[in-house]
Amino acid sequence: MAFQGKKLINNPDDVVTEFIEGLVETYPGLQYLDGFPQIKVVLRADVERGAYDKVAVISGGGSGHEPAHAGFVGPGMLTAAVSGDVFASPPVDSILAAIRAVTGPMGCLLIVKNYTGDRLNFGLAAEQAKSEGYKMEMVIVGDDCALPPPRGIAGRRGLAGTILVHKVAGAAADAGLSLADVAAEAKHASEVVGTMGVALSVCTLPGQVTSDRLGPKQMELGLGIHGEPGVAVVDLQPVDVVVEHVLKQILSQETQYLPITRGSNAVLLINGLGATPIMELMIAARKAVPELQLEYGIAVDRVYTGTLMTSLDMAGLSITIMKSDENILKRLDAPTKAPAWPVGSEGNRPPAKFPVPVPPSPSVKGDEILAQPQELSKQGCILEAAIEASATEIINLKDILNEWDGKVGDGDCGTTMYRGATAILEDMKKRYPMNDAAGTINEIGATIRRVMGGTSGILYDILFKAAYASLKQSTPVSANEWADALEASVAAVSKYGGASTGYRTMLDALIPASTVLRQRLKAGEDPVTAFMASSEAASAGAESTKQMQAKAGRSSYIAPDLLASIPDPGAMAAAAWYRAAALAVKNKLHGSKS
């Protein structure tokens, strides 16, 4: 069902002019011609009319492809960009206004994407400019590789490869070359570049409804950039499969759109179509580079990844390949102040992977011991029972923790804690030197760091790292030394996490536990009894979070009335594993008395 697209705009008829106004406010090196709304031209602020002593390079087309084309205006790239309305070619008068504003005695090159309206309007403007005495050349870019030849008189559509042609021509002009030479370099670049796009959604024009042409599990191959249908609608595929298909199409020896063969060098551009996260573009880049190198024998000299030539809010990407040589690389590497030109690698590509320097584990010796079954000491047996009970309790609480967190956070507390607990149970038999309490605590922290992730993972890692620092000189560990370690852990989590009592976090369970444990031990109470009393304090502290207003974590963004009667999941988890450990210790030491 079609529905009205949501846009952060004012009047749909004003989107292009208001975009241009915002652009020049953002980038002081740009200006626009005072001819709104008919004339929509962005130009370099440092170019004096009629006095520019280099070849002017002008491009443009319909709007809706931002940051193209206006975002590529600047020294070393375009001298001016002419905008039409959304997906509509700019009128002849606008193109003429741009030519007159920036063209000096060296002449002007027009770079035009291969669409009929653009060809006709830019062509007529070029002829009119010639009649006025301007030296003019025009290069048309048709880099679409989705459709097999012949394409009739329409030819191949101009896509994101046009941006690379802009850069080559702009750098050549900036180097002081003649109009003929700048045009020749631009024409050569246009002949060695190919692009194909893939869409996951249909774009929505300002003020119009969103098309339901694509289903939720479909994608479109070989799209244009004006919302027109692609070559084929297919089932959604993993990005690696998509990249393989697109590269195969661009480099097809049947179509021979590109003069690239095994042993060639190339430049790669991964372009977002407007609503594609940079994460997804980088995932595609990570596949495309080795695919080109290993499957096609093509050396990748430069990689550019970003949102450069869009189709409004379309989700999807296009891949562009340009055959490179020494001169093209020189032009691409030349400096430019165009605000939207992406940062690309220069020079030889080093290996993508570099080994991570890993310090030796403090318990390497323990790992060697674990090559054979351990004979546990009394303290080792108690520690093993406590860890196993704590981890098991967290595993059992997974669903209720997620339920609570779904109401006051992001809903994954139970899953995150479960991930840590199951990994601890797996690692304890093969990695933990159970007779070495400090070493075991350190390894628990390492396990958590490896598998838990998120804020809770790092906070628990800090907690165990601080406990290890407190315990590492103690063998065996006394009850008071365990209390010292708990105090050190609580202090570290509070220091780095920023929370304290009453903030509605796991510290609302651990701080009361630490306080009561210290008090009971100072009073001379039996350590097991003191441990149990501190676990009751932890449970009471966790329950008290039901009445607290969150001051830390994601719950701090939730309205207080939505938190009422729901305990903090992190505090409840901490109280649960702490109490399970206390009960396990009690059963080990006082089992016969209870």
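Worth saying up front: this structure is predicted, and the values here are computed from it rather than measured.

(A) Molecular detail of the sheet that holds strand 3 (residues 41–44). Within the open sheet, the six strands sit side by side as 2-3-5-4-6-7. Their pairing is mixed. Edge positions in the open sheet fall to strand 2 (30–32) and strand 7 (136–141), since each of these has one partner strand only. Strand after strand, the sheet turns through a mean of 20° between neighbouring axes, direction not considered. Pairing of strand 4 (residues 56–63) with strand 6 (residues 108–113) involves four bridges; the strand directions are parallel. Along strand 6, the bridge assignment pairs S59 with I111. Contacts from helix 3 (residues 116–131) reach strand 4, strand 6 and strand 7, with the element oriented near 170° to strand 7.

(B) Spatial organisation of a negative patch on the surface. On the surface, D13, D14, E18, E21 and E25 cluster together into a patch of negative charge. As for its placement among the helices and strands, E18 is situated in helix 1 (residues 15–26). Exposure remark for E18: the relative accessible area of 32% places this residue in the partly exposed category.

(C) Looking closely at the UniProt feature "active site" (unreviewed entry) in the protein chain. Residues given the UniProt feature "active site" (unreviewed entry) here are H226. Here H226 shows up in the loop between strand 10 (218–221) and strand 11 (232–235). Residue class for H226 comes out partly exposed when judged on its relative accessible area of 23%. When residues no more than four places from it in sequence are discounted, the contact partners of H226 are H65, F87, Y115 and S311. For H226, the side chain forms a polar contact with the side chain of H65, separated by 3.4 Å.

(D) Examining helix 15 (residues 479–497) more closely. The end-to-end C-alpha distance of helix 15, which contains 19 residues, comes to 27 Å, matching closely the 27 Å that a straight helix rising 1.5 Å per residue would cover. Buried within helix 15 we find A483, A485, L486, S489, V490, A492 and V493. Packed against the buried residues of helix 15 are helix 14 (454–471), helix 16 (507–522) and helix 19 (569–590). Following helix 15 by one or two positions, G498 has its phi on the positive side, about 85°.

(E) Here's a closer look at helix 10 (residues 378–396). For helix 10, spanning 19 residues, the distance from its first C-alpha to its last is 27 Å, which sits close to the expected 27 Å at 1.5 Å a residue. Taken together, the buried positions of helix 10 are occupied by G380, I382, L383, E384, A385, A386, I387, S390, A391 and I394. Looking at the buried residues of helix 10, the elements they touch are helix 11 (398–408), helix 12 (413–428), helix 13 (437–451), helix 15 and helix 19.

(F) Region of the structure containing the packing of helix 2 (residues 92–102) against helix 3. In contact at an axis separation of 9 Å, helix 2 and helix 3 are set at 50° when each is read in the N-to-C sense. When the axes of helix 2 and helix 3 are compared, the pair comes out oblique. Considering the relative orientation of helix 2 and helix 3, their crossing is right-handed. Facing V92, I95, L96 and I99 of helix 2, the residues of helix 3 in contact are N121, F122, L124, A125, Q128 and A129. Grouping the constituent residues of the contact of helix 2 with helix 3 by class yields eight nonpolar, two polar and no charged.

(G) Representation of the packing of aromatic side chains within the structure. Per the counting criterion, the structure on display carries five aromatic pairs. Ring geometry for Y32 against F36: centres 4.6 Å apart, planes inclined by 5°, an arrangement best described as stacked. Under the relative-accessibility criterion, Y32 is labelled partly exposed at 29%. Considering the side-chain rings of F531 and Y578, the 5.3 Å spacing of their centres and the 85° angle between planes classify their relative orientation as edge-to-face. Here Y578 lies in helix 19 and F531 lies in helix 17 (residues 527–543), a separation of 47 residues in the sequence. A residue is classified by how much of its surface remains accessible, and Y578, at 4% relative accessible area, is buried. Connected via pairs of aromatic rings, a cluster forms that spans Y460, F531, W577 and Y578.

(H) Up close: the side chain of T195. Secondary-structure assignment places T195 in strand 8 (residues 193–199). A distance of 2.5 Å separates the side chain of T195 from the side chain of D143, its partner in a polar contact. For T195, the side chain forms a polar contact with the side chain of T320, separated by 2.7 Å. Setting aside residues no more than four positions away along its own chain, T195 makes contact with D143, D144, C145, A146, L159, A160, G161, I250, S318, I319 and T320.

Procedures and definitions
- Chains are numbered independently. Their residues run from 1 in the order of the written sequence.
- Owing to the predicted nature of the model, reporting of local features is limited to residues with pLDDT of at least 70; listing and counting of side-chain atom pairs is limited to 80 or more, with chain, interface and lining totals taken over all residues.
- Water and hydrogen atoms were dropped before computing side-chain values, which therefore reflect all heavy atoms in the structure.
- Here a strand pair is declared whenever DSSP counts at least two bridges between the two strands.
- Strands are runs of DSSP state E lasting at least 2 residues, helices are runs of H or I lasting at least 4, and numbering of each runs from the N terminus.
- Fitting a line to C-alpha atoms yields each axis, with helices limited to the stretch in contact; the angle taken between N-to-C directions then spans 0 to 180 degrees.
- Contact between two residues is taken to exist if any of their heavy atoms lie within 4.5 Å; hydrogens are not considered.
- Patch construction takes residues with relative accessible area above 30% that form no salt bridge. Like charges are linked within 9 Å, and nonpolar side chains (Val, Leu, Ile, Met, Phe, Trp, Tyr) are linked within 5 Å.
- Exposure was quantified through the Shrake-Rupley algorithm and a 1.4 Å probe, taking into account, for residues, occlusion by the shown protein chains and nothing else.
- Salt bridge criterion: a side-chain nitrogen from Lys or Arg within 4 Å of a carboxyl oxygen from Asp or Glu.
- When charges are tallied, Lys and Arg are placed among the positive residues and Asp and Glu among the negative ones, while His and the ends of the chain are skipped.
- By convention, charge coordinates are those of NZ in Lys, CZ in Arg, CG in Asp, or CD in Glu.
- Summary of the burial criterion: residues with accessible area below 20% of their type's maximum are buried, those above 50% are exposed, and those between are partly exposed, where the area comes from a 1.4 Å probe applied to protein chains only.
- UniProt positions are given in the numbering used here, feature names are shortened, and annotations may be inferred rather than shown by experiment.
- We define a polar contact as two N or O atoms separated by no more than 3.5 Å, with the added condition that, inside protein, one atom must be a possible hydrogen donor and the other a possible acceptor, whereas residues neighbouring each other in sequence contribute only through side-chain atom pairs.
- Expected span of a helix, by definition, is 1.5 Å for each gap between consecutive residues, and there is one gap fewer than residues.
- For classification, angles of less than 35 degrees are called roughly parallel, those exceeding 145 degrees roughly antiparallel, those between 65 and 115 degrees roughly perpendicular, and all remaining angles oblique.
- The hand of a helix crossing depends on one turn: near helix anticlockwise from the far one by less than a right angle means left-handed, and clockwise means right-handed.
- Basically, the charged four are Asp, Glu, Lys and Arg, the nonpolar ten are Ala, Val, Leu, Ile, Met, Phe, Trp, Tyr, Cys and Pro, and anything else, Gly included, counts as polar.
- Here a pair means two rings of Phe, Tyr or Trp (six-membered ring of Trp) with centres within 6.5 Å. Their orientation is stacked below 30 degrees between planes, edge-to-face above 60, and tilted elsewhere.

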